[in-house]
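Summary of structural features
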Amino acid sequence: MTKPRVAIFDFACCEGCQLQIVNMEEEILDLLTLVQPVEWREAMSDQSEEYDIAIVEGSITRPQDEEKLKTIRSRAKILVALGACATMGGVNKLKNNFEMDEVRSCVYGKDGTMPHLNTMPTKALDEVVKVDLKIHGCPINNKEFAYIVKCLATGKQPVIPSYPVCVECKQRGNVCRYEYNEVCLGPVTRAGCNAICPSAGSWCFGCRGYVDDPNVQAAREVMEHYGKTMDDLKSRLLLFGSKQEQTNG
Amino acid sequence: MASKLDINVHHVTRVEGHGNIVVRASDGRVERVEWQVPEAPRFFEAMVRGRSYEDIQTIVSRICGICSVTHSFAAIKAIEDAMGLQVSEQVDKIRMLLHYSEQLESHALHVGYLVAPDLLGQKSVVPLVASHPDVVKTVIKLHRTGNQWMEDLGGRMTHPITIKPGGLSKLPTEAYLRELKATLTGIVPDLKTLASVVLSLAGKLPAFERPTEYVGLVQPGHYSFYHGDIGTTDGKPLPVGQFEAAVNEYVSPQSTAKWCKWHRDAYMVGALARYNLNADNLHPLAKETAKLFNLKKGCTNPYMNSVAQVIESVQVVEDSLLIIDDLLTRGIKPETLKVTPREGEGAGAVEAPRGILFHRYSFDKKGNCVKANCCIPTNQNHANIQKDFEALVPQIMDRGQDEVRLLMEMLVRAYDPCISCSTHYLNVDFV
């Protein structure tokens, strides 16, 4: 059996998700027994136009990037969105709360009108092309990445948690962040991170996006019980782009 | 033979982010040499407006994956400056310890995974696994140690969780600090191995000199990464609160990218700049390592930035061991995190592995951000890379297209550029 050829690309992002792949160190070698990397600019000098699986980090913020993503889509059998920027726009979607002209002049002053500084409202990958699989998180969890790549290489369908972060948080025996008077997104956010933020003494930022069918009523009750408003929740939901649409996969 | 060069490297590989090199030369004359950055701009300074001071660190950490700890600290220091918050000495020391983990992790990644393949004639680290397994093993060990250390103190590798305005959301235990001390003591031989490997290859680093201005944090008596004023080899230091007067951002007539300059037409930040400012304050083992390479304070070869990173890897481990001893002597005392936001403006500076980083924020009385400005190390280096190119290409142009291309790519890599970082506000459109 020939190994599927994998290419990794990135658009507007911090490349932190690719860094998680690098951080696997020698475990990458295990994956290399299953797949053949043909392009990965951050780590290799090779470039290729032929690949089976495209793994794409980042969100789309320019018309030319939209075209490039469509080309990648047309060449790949499977397209995987890597990390929050790709799956739901990530922090880049905060820009969409402003007018684009205003964003440009805010950062560049009078130079903001120059044509090369053109920018458009941020899009997640699936707002431009069909996405076959999403690897959630900001950054991704590299164990989940390895699991998903292994599934793809062997033709299996990966199982991604469809329950909220609160489940994992309780399993770890953490005290609920609401007890600390914080607004935590655990009740509506997809698990799979092992409640990493609450376990480090912080609230959940919702970087893995909405869980399937988020229980909004339960979230409302939690907020009321702790004297918080839905606006508090929505403000934090903005951070990783969750407010714009509920993700389904 | 008349030299003719036509180099168009569309996206230099093995760097963080997208950068292009364009060279045109014929009849021995250089017509065009350009360092270009086509990364998509992300407008962070606009995006953070309206967000709570509690969430700023979380957002701006995402400016860059590989410098996320440094971005978090620059933001937190600016927020604490704006709100008049003082942290305990204990928190300050633990933060420095966390900050050092990123220096080790990033330097090991850069020297081992991104630069070493050039020196060993390979296109990536993967073939080195077979050809130089011991080297790769050492690099992996150092990189993993830095990452694990970052995760233990920051809550995660990349985009730390524990860094909060006014303190830390989780303090390490004394048992953990003892464990970390043993780990860091244990990697000293690996650091020596890395140094000897780089030393054996150092002859392949081009002998190219171009004097420039070097800028970085300075703190009397210290080789500083976290505290201090803005130091320069060309004049007197400036307080961090006046960083705009040091960076002097401008639009270059030959490029639409914003660049920086201070006393000259360009300056360099990063390991070599820190070394040129602070080498006298290195700890003994780091000093010994510097001697191996005969790296003198005042070195003007930008390719030696990678060597300075090796020396700094030793320095941060030595300094961390001193911090751990100090923390253990005093004992870890529990702290509660409580902040009342207030209106104000503040600035913060820390050294990213690739150079000095500045953040400034203003907040309204509820603690929501009304204005932000970030000045990123790679941005500060862009003009210096361009000036190096202009000096380098005429010296090497008779060596043929492939070698010129390689030496230029190696020069870009030597700066350890972090282009995602720098393009929160810079972009050039190319066809």
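Definitions and cut-offs
- Residues numbered from 1 in each chain as written.
- Chains lettered and ligands numbered in written order.
- Predicted model: local features only at pLDDT ≥ 70, side-chain atom pairs only at ≥ 80, totals over all residues.
- Heavy atoms only, no water.
- Helix = DSSP H or I, 4+ residues; strand = E, 2+ residues; numbered from the N terminus.
- Rg over C-alpha atoms; globule rule 2.2 N^0.38 Å.
- Contact = heavy atoms within 4.5 Å.
- Lys, Arg positive; Asp, Glu negative; His and termini not counted.
- Charge placed at Lys NZ, Arg CZ, Asp CG, Glu CD.
- Expected span 1.5 Å × (residues − 1).
- Bend = angle between axes of the 7 residues up to and from the residue.
- pLDDT = per-residue confidence, 0-100.
- Phe/Tyr/Trp six-rings, centres within 6.5 Å; stacked < 30°, edge-to-face > 60°.
- Buried < 20%, exposed > 50% of the residue type's maximum accessible area, 1.4 Å probe, protein only.
- Axes fitted to C-alpha atoms, helices over the stretch in contact; angles between N-to-C directions.
- Parallel < 35°, antiparallel > 145°, perpendicular 65-115°, else oblique.
- Left-handed = near helix turned anticlockwise from the far one by under 90°.
- Nonpolar A, V, L, I, M, F, W, Y, C, P; charged D, E, K, R; others polar.
- Disulfide = S-S within 2.5 Å.
- Core = buried A, V, L, I, M, F, W, Y, C linked by side-chain atoms within 4.5 Å.

Let us look at the overall build of chain B. Looking only at helices and strands, chain B features 15 helices and 13 strands. By the compact-globule yardstick of 22 Å for 431 residues, chain B fits well, its C-alpha radius of gyration being 21 Å. For the C-alpha atoms alone, the extent of chain B along its principal axes is close to 70 × 45 × 40 Å. Long-range contacts, defined here as pairs at least 24 residues apart, represent 71% of the contacts in chain B between residues at least 6 apart. One way to put it: in chain B the 46 positive side-chain charges average out to a point 2 Å from where the 49 negative ones average out.

Next up on the list: helix H13 (residues 377–396) of chain B. Here H13(B) is 20 residues long and its end C-alpha atoms lie 27 Å apart, about the 28 Å a rise of 1.5 Å per residue gives. At Ala383(B), H13(B) shows its maximal bend, which comes to roughly 30°.

Detailed reading of the predicted model is not advised wherever pLDDT is low. Summing up the model confidence of chain A, the mean pLDDT is 89 and the portion of residues at 70 or higher is 94%. Across residues 245–249 of chain A the pLDDT falls below 50, and counting only partners more than four positions away or on other chains, this stretch makes 18 contacts in the model.

Residue and element names in this part refer to chain B. Evaluation of the coordinates by the stated rule reveals 8 aromatic pairs over all chains. Measuring from centroid to centroid gives 5.6 Å for Tyr 223 and Phe 225, while their planes differ by 35°, and the two rings are tilted. Residues Tyr 223 and Phe 225 agree in their burial class; the two are buried. Ring geometry for Phe 243 versus Phe 358: centroids 4.8 Å apart, planes at 5°, classification stacked.

Residues and elements named next belong to chain B. Close contact between helix H4 (residues 89–119) and helix H6 (residues 133–154) brings their axes to 8 Å; oriented N to C, the two are set at 155°. Between H4 and H6, the interaxial angle falls into the category roughly antiparallel. Seen from above, H4 lies across H6 with left-handed handedness. Here Ile 94, Leu 97, Leu 98, Tyr 100, Ser 101, Glu 102, Leu 104, Glu 105, Ala 108, Leu 109, Gly 112 and Tyr 113 of H4 come into contact with H6, specifically with Val 139, Ile 140, Leu 142, His 143, Thr 145, Gly 146, Asn 147, Trp 149, Met 150, Leu 153 and Gly 154. Looking at side-chain class alone, the contact of H4 with H6 contains 14 nonpolar, 7 polar and 2 charged residues.

All names here are of chain A. Considering all chains together, one arrives at 0 disulfides over all chains under this definition. You can see Cys 169 has no disulfide; the closest cysteine sulfur is in Cys 184, sitting 6.5 Å from it. Judged by its relative accessible area of 11%, Cys 169 is buried. Cys 204 takes part in no disulfide bond, and the closest cysteine sulfur to it belongs to Cys 184, at a distance of 5.2 Å. Cys 204 gets classed as buried once you look at its relative accessible area, which sits at 7%.

So, on to the nonpolar core. Phe145(A) and Tyr361(B) are the most contacted members of the largest nonpolar core, which has 184 residues in total. No other element matches H4(B), which puts 15 residues into this core. Contact partners of Phe145(A), with chain neighbours within four places excluded, come to Ile21(A), Met24(A), Leu31(A), Ile55(A), Leu82(A), Ile135(A) and Ile140(A). If you look at the next biggest cluster of nonpolar residues, it comprises 19 residues, including Ala7(A), Ile72(A), Leu125(A) and Val128(A).

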